[in-house]
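Analysis of the macromolecular model
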Amino acid sequence: MATLTLGKALNEGLRKSLEDDSKVIIMGEDVGRLGGVFRVTDGLQKDFGEDRVIDTPLAESGIIGTAVGLAIRGFRPVCEIQFDGFVFPAFDQIVSQVAKMHYRSAGHVKLPITIRIPYGGGIGAVEHHSESPESYFCHTPGLKVVTCSNPVDAYWMIQQTVANDDPVVFFEPKRRYWDKADVDTVTASRELWDAAVVRSGTDATVITYGPSVKTCLEAAAAAETEGRSLEVVDLRALSPIDWPTVIDSVTKTQHAIVVCEAPTYASLSSEIAARVSEKCFFSLEAPVFRVTGFSTPYPTSRIEEDYLPDLDRILDAVDRSLAY
Amino acid sequence: MATLTLGKALNEGLRKSLEDDSKVIIMGEDVGRLGGVFRVTDGLQKDFGEDRVIDTPLAESGIIGTAVGLAIRGFRPVCEIQFDGFVFPAFDQIVSQVAKMHYRSAGHVKLPITIRIPYGGGIGAVEHHSESPESYFCHTPGLKVVTCSNPVDAYWMIQQTVANDDPVVFFEPKRRYWDKADVDTVTASRELWDAAVVRSGTDATVITYGPSVKTCLEAAAAAETEGRSLEVVDLRALSPIDWPTVIDSVTKTQHAIVVCEAPTYASLSSEIAARVSEKCFFSLEAPVFRVTGFSTPYPTSRIEEDYLPDLDRILDAVDRSLAY
Amino acid sequence: MSRAPGGGKGAATASALSVQAVQPSEGPELVQLLTPEGERVEHPDYSLDLDEEAYRGLYRDLVMVRRIDTEATALQRQGELGLWASLLGQEAAQVGAGRSLTERDFAFPTYREHGVAYCKGVDPVTLLGLFRGVNQGGWNPRDKGFQLYTIVIGSQTLHATGYAMGIQRDGADGAAMAFFGDGASSQGDVNEAFVWASVFQAPIVFFCQNNQWAISEPLERQSRIPLYQRARGFGFPGVRVDGNDVLAVRAVTEAALERAREGSGPTLIEAFTYRMGPHTTSDDPTRYRLAAELETWKLKDPIERMKAYLSRSGMGNGEFFDQVDKAADELAAHIRAGCLALADPDPITLFDHVYAGGSSLLDEEREQLATYLASFEAAR
Amino acid sequence: MSRAPGGGKGAATASALSVQAVQPSEGPELVQLLTPEGERVEHPDYSLDLDEEAYRGLYRDLVMVRRIDTEATALQRQGELGLWASLLGQEAAQVGAGRSLTERDFAFPTYREHGVAYCKGVDPVTLLGLFRGVNQGGWNPRDKGFQLYTIVIGSQTLHATGYAMGIQRDGADGAAMAFFGDGASSQGDVNEAFVWASVFQAPIVFFCQNNQWAISEPLERQSRIPLYQRARGFGFPGVRVDGNDVLAVRAVTEAALERAREGSGPTLIEAFTYRMGPHTTSDDPTRYRLAAELETWKLKDPIERMKAYLSRSGMGNGEFFDQVDKAADELAAHIRAGCLALADPDPITLFDHVYAGGSSLLDEEREQLATYLASFEAAR
Ligand SMILES: Cc1ncc(C[n+]2csc(CCOP(=O)(O)OP(=O)(O)O)c2C)c(N)n1
Ligand SMILES: Cc1ncc(C[n+]2csc(CCOP(=O)(O)OP(=O)(O)O)c2C)c(N)n1
Ligand SMILES: [Mg+2]
Ligand SMILES: [Mg+2]
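Residues numbered from 1 in each chain as written. Chains lettered and ligands numbered in written order. Predicted model: local features only at pLDDT ≥ 70, side-chain atom pairs only at ≥ 80, totals over all residues. Heavy atoms only, no water.

Looking now at the pairing of strand E2 (residues 24-28) of chain A. All names here are of chain A. The element E2 is largely enclosed, with a buried count of five among its five residues. The alternating pattern of E2 places Val24, Ile26 and Gly28 and Ile25 and Met27 on opposite faces, both of which are buried. Judged from the five bridges that link them, E2 and strand E4 (residues 76-80) form a sheet pairing that is parallel. Following the sheet pairing, Ile26 is matched in E4 by Val78. The pairing of E2 with strand E3 (residues 53-55) spans three bridges and is classified as parallel. Paired with Met27 across the two strands is Ile54, which belongs to E3. (Buried < 20%, exposed > 50% of the residue type's maximum accessible area, 1.4 Å probe, protein only. Helix = DSSP H or I, 4+ residues; strand = E, 2+ residues; numbered from the N terminus. Pairing = 2+ DSSP bridges.)

Another aspect to go through is helix H9 (residues 243-253) of chain A. All names here are of chain A. Within H9, burial applies to Trp243, Val246, Ile247, Ser249, Val250 and Thr253. All buried residues of H9 project into a common sector of 160 degrees when viewed along the axis, lining one side. Along H9, exposed side chains directed more than 90 degrees from the buried face belong to Pro244 and Asp248. Residues of H9 that are buried in the fold lie against strand E10 (204-208), strand E11 (230-234), strand E13 (256-263) and helix H10 (268-279). Gln254, located one to two residues past H9, shows a positive phi value of around 65 degrees. (Arc of directions from axis to C-beta. Contact = heavy atoms within 4.5 Å.)

Residue and element names in this part refer to chain D. Donor atoms from the polypeptide that coordinate the magnesium ion (ligand 4) comprise Asp182 (OD), Asn211 (OD1) and Trp213 (O), at 2.1 Å from the metal. When the donor residues of the magnesium ion (ligand 4) are listed from N- to C-terminus, their spacing reads D-x28-N-x1-W. One end of the pair, Asp182, is in the loop between strand E4 (176-181) and helix H7 (188-200); the other, Asn211, is in the loop between strand E5 (204-210) and strand E6 (213-214), and 29 residues separate them in sequence. (Donors = N, O, S within 2.8 Å, 3.2 Å for Na, K, Ca; no water.)

Here we come to the coordination of the magnesium ion (ligand 3). Residue and element names in this part refer to chain C. Taken together, Asp182 (OD), Asn211 (OD1) and Trp213 (O) make up the full set of protein donors to the magnesium ion (ligand 3), lying 2.0 to 2.1 Å away. Taking the relative accessible area as the measure of exposure, Asp182 reaches 1% and is therefore buried. The class for Asn211 is buried, based on a relative accessible area of 5%.

Glancing now at the site of ligand 2. By nearness alone, 20 residues border ligand 2, and Glu60 of chain A together with Tyr111, Arg112, Asp182 and Gly183 of chain D come closest of all. The site occupied by ligand 2 is bordered by residues of chains A and D. In this structure, Glu60 of chain A approaches ligand 2 through a side-chain N or O atom, which is 2.5 Å from a nitrogen atom. Contact between ligand 2 and Ile153 of chain D: a nitrogen atom at 3.1 Å from a main-chain N or O atom of the residue. Relative to its unbound accessible area of 580 Å², ligand 2 is 96% covered by the protein chains. Of the residues assigned to the shell around ligand 2, the class counts are 10 nonpolar, six polar and four charged. (Near = heavy atom within 4 Å. Polar contact = N/O pair within 3.5 Å; in protein donor to acceptor, adjacent residues only side chain to side chain. Areas by Shrake-Rupley, 256 points an atom, 1.4 Å probe, with all protein chains shown as cover. Nonpolar A, V, L, I, M, F, W, Y, C, P; charged D, E, K, R; others polar.)

Here you go:
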């Protein structure tokens, strides 16, 4: 048991992956000497050398494209995209190559590539540094997508992801990098693809993931003082979603609210709302409400708090759901 | 009134746009001398010159990126992406530049760029030539997305799009390029952002767009022989959607089926299902069913008919909905 | 905060900023070991010394590769293939490169490298799967040292570079080879591959077949200077070779591969050639290029010159040429029979291999489709 | 179908494939008109002949620009800005380039071009909006001939190229200028911009400030050869200028702009300089570079050498330097006051300007947020 920040838990998890499998390599901008702008790879180049922790030229398509080649050669690349908004130059390689290679090759070519992306807002950053692009990847067959919300999951999920034989986009909730928790470094708490009921409740189910989990837990605590019992589901795996856990919960509470930072339209939150509406058609007492970022580009930092789902907007949605 | 194929209607529409506004320029791979691989720009370079109909170097990011600069200079670029699967190298320019410039500049910089993309399957093509990437663009604030399903809309919508001051992704249903219809070239039938009820009915609403409209109309005709009255809504505008038309229809029929070629997960069809489930919560007699492409990369052509929503799968969903 | 007041003007002498405006398609820098007339010539930097059997082997390869192409084109016309991308005219470039590759090396092709595939031991029938639409390329890339065809222009150059970095990290002997076209040279990915390869001194050869056209666009839409010169902007050598001269291509490519394997980094080879056919069977080149151009290039045919060389030098005679033609006929028959035997996949297989580890989402959809398909079976 | 039997080996003489392995950060090719000691020197290809007022003006610009930077850094430390990207050390590169631009020209900056912004007449206070987080850059690019800051590395080089193509199509006189860094040179977009600019002979100057670092990565991670040489791979000239010598930068840039406006196509200028500060205020350069490097570059300070030049030549004296310092103090006060007065936007404005033509989807969301916000007002 160690007390780790989420960032440090990732760092320790990556260290473990590098130790466990000599084919694991880390690559990205500033991941070596600097240890990454968030220090997630801090000290790894020093200990594992420049051949395994590679400071790459500044081009995201190049990072992912060369990772594909390395994977074909038998390596397990862990690529860092410095910020959410900078994954798009690599989008073509991700969507048309990484996602499709196993299919194209009828299973001959595996690409066990991990793409780490710090994502989400709330850190007062400038443009392109606060986005939530997970829906693009969830919509792409051939990719799997996961995200952690706390240090324990960070430590274990990154290792499970790196050990996974499919390409996985691993989203890191950057504003939670500094959150601390005790981490059991001996036994993993659960499978990579399983959702977690992080708080039990009876009145409504709040379905969320990544940086919003903490906000939802706070909302649930606040709701409790008003006598409302919220169940909070941390999805962890975004593609595919652990539907049974979600549907069981909603079937029980008969109310569902989806919370995330990404814009609503044509998104993962749409999928959750659509699926829950379908599968819980007879148990839902109210429509599935979504509390998300708005349909605008991520705004300037001085008004980002109004853009991000916060406690009040979540509770407001709960109220509307229960009053329906 | 002229009888035109959908492809020719686009060609005539573009010609009109070039004539009407000297700032309109066309750019892309093979759009000049060849007239485009689908001949949509046939003859335009000959008549408007190489400065206005530009064969570009082979790089999609370059096409869109230079279009941004041309738009800043006051031009109205119409960019062709040769096939759906080749839009991804331009994704960064589209998502981080085209979509965000007006917002970033607080309205100072308008980018009236049209991005034409032939999309969808059913033409027996090889990989990357049959995809339906519309959801990625719908999920991107700052973009608008439209698609035509017939020659009349093709003729008018392309002109309305080019004349529009916002960046618009214009999806062309490539397997319908050869469909013919009489086109009134004097009066536009409707506004760009309006959906169309292309067949009235009372038992269920089929919500669809682009290449699937024809399939849905055929399904509706077949359903009629079985005594079922389907209403078919052709969305035309995919972002934003004309919700009143959709919701009015579903409120009336109490059953909704969404049909499109793109994979279901985290997509535009998710949004439609989610929104209709929410807005028609009390009127829906059954969950919203979706008949879409599967969650796989687009398959090889010899089995694409099994991947694409067809008449039978649509009618099957109608049956399930009505039997719910 | 506004423009500086007064002030004169900076000036440069004319020479300082001028660049030689070279026509991209000309220049004396072309490496050639065999003239279009089949005459063997010397080159100061490159030489090739093979035994007779090897020269005959190259001729045989050229003929076989062309026959693959002819047969596939015919099969497409007869509706047995959905599409075919002909390599007509590019046989020497591909055989020269393909025969330079050893088992240690790994090639990353575009959609037109049927000749390289042949040299790498991929059965042409397997190759047809993609064009028939029954699969996306049926061979195992690792078995063949030959990656699947990549259709998105330029992507594979980065894969090749990464693979080469992997060779380095394995401390292995070998090199990667990235194939791409003149049009591809404009793609960001290709230029990023140049950056990476140069920075890491990766063991890779960039093999650009400049066939003068990117569908309807002539080379002038991609570059103002000869493409091989692109390399020098990235700090590694570029060389232009007569792409219709199989001997020169082989000499240049072997040298570049050797250089790569030795740890001296990347080389860009521009094989100067010509796409004699349409871009693919869907294309109509009469819309954008003159027949005369084709006629000129017919005189440089890669097979004819090799045949002339063998005849002149006595290495090949009528009997040998007949043998080769017969072998080609057999290959054609094999291809035809194999193609017709390529069965359509079972629809339910469309869910196979999306993931190595499966997916609950797909399981559900597969189940749905299976039930749905079964309902038709039942209805029969 | 397998490897050709027998056969010898292709060989290249050593020279044919060798490339001069130049250290990317050295070389005698640096254009300089002013030594670090402030001595005026001649260059065979470039000259600059300004009147006294103009020389003084350049000095004044350098001082003002540095003061903007110092003040902004201070404001960031005091919590008034979320972030600042310092240009410390790059003043000469930016002023030299900025003062070469005329009203006909249009500049496309990165996030660090505060000096160019100043020359283009953008009030530094406006500049701070982005770093304070109240807007994304408050000026009207068309008014200033200065595009908004672009944060995604390299994107703006394509915008500049397109703009230049627009100038051509308008038959206008003028040029575009694209700013970017050494790190950016690796991005596909930048190389695509080179392709486009060259193919269309667009009136553009690519101005690369090679400040030796891309955050923590030294130039060696981006290139093995001097960056200015990249241009020759694309068929246009590249030139390396001492980026800490405002006179040389101005001479070279004016010449390149003139060349562009005349229709002779693009030029790549590599302004060889050094990022004296951290990458941004969030960065800690002690983690990746040695203090000694900084000390070396302090000796090449762009302001000191211009000051020495003015003193030596008698164009500037103590009184003048004091005047400039006083003006800089006033500018600093203006910036500070202006920054503190930059109000937070009204939350509801987050919906403004997403579209020129509005959107029903946004109208609905705006309405929701307004109602929601009003509920708090009401609750008060
Ligand atoms: C990214 C991308 N854009 C567009 C296309 C469509 N396309 C297929 S081949 C081709 C031309 C390629 O030219 P070149 O690189 O010279 O290769 P060649 O076909 O001549 O062998 C184009 C534009 C594509 N496959 N990928
Ligand atoms: C596409 C993209 N990837 C990554 C980043 C993060 N990032 C910001 S600045 C920078 C380094 C840029 O170096 P350089 O081009 O040399 O410019 P400099 O900062 O030195 O002025 C990086 C990696 C980004 N802004 N955009
Ligand atoms: Mg070509
Ligand atoms: Mg730099």
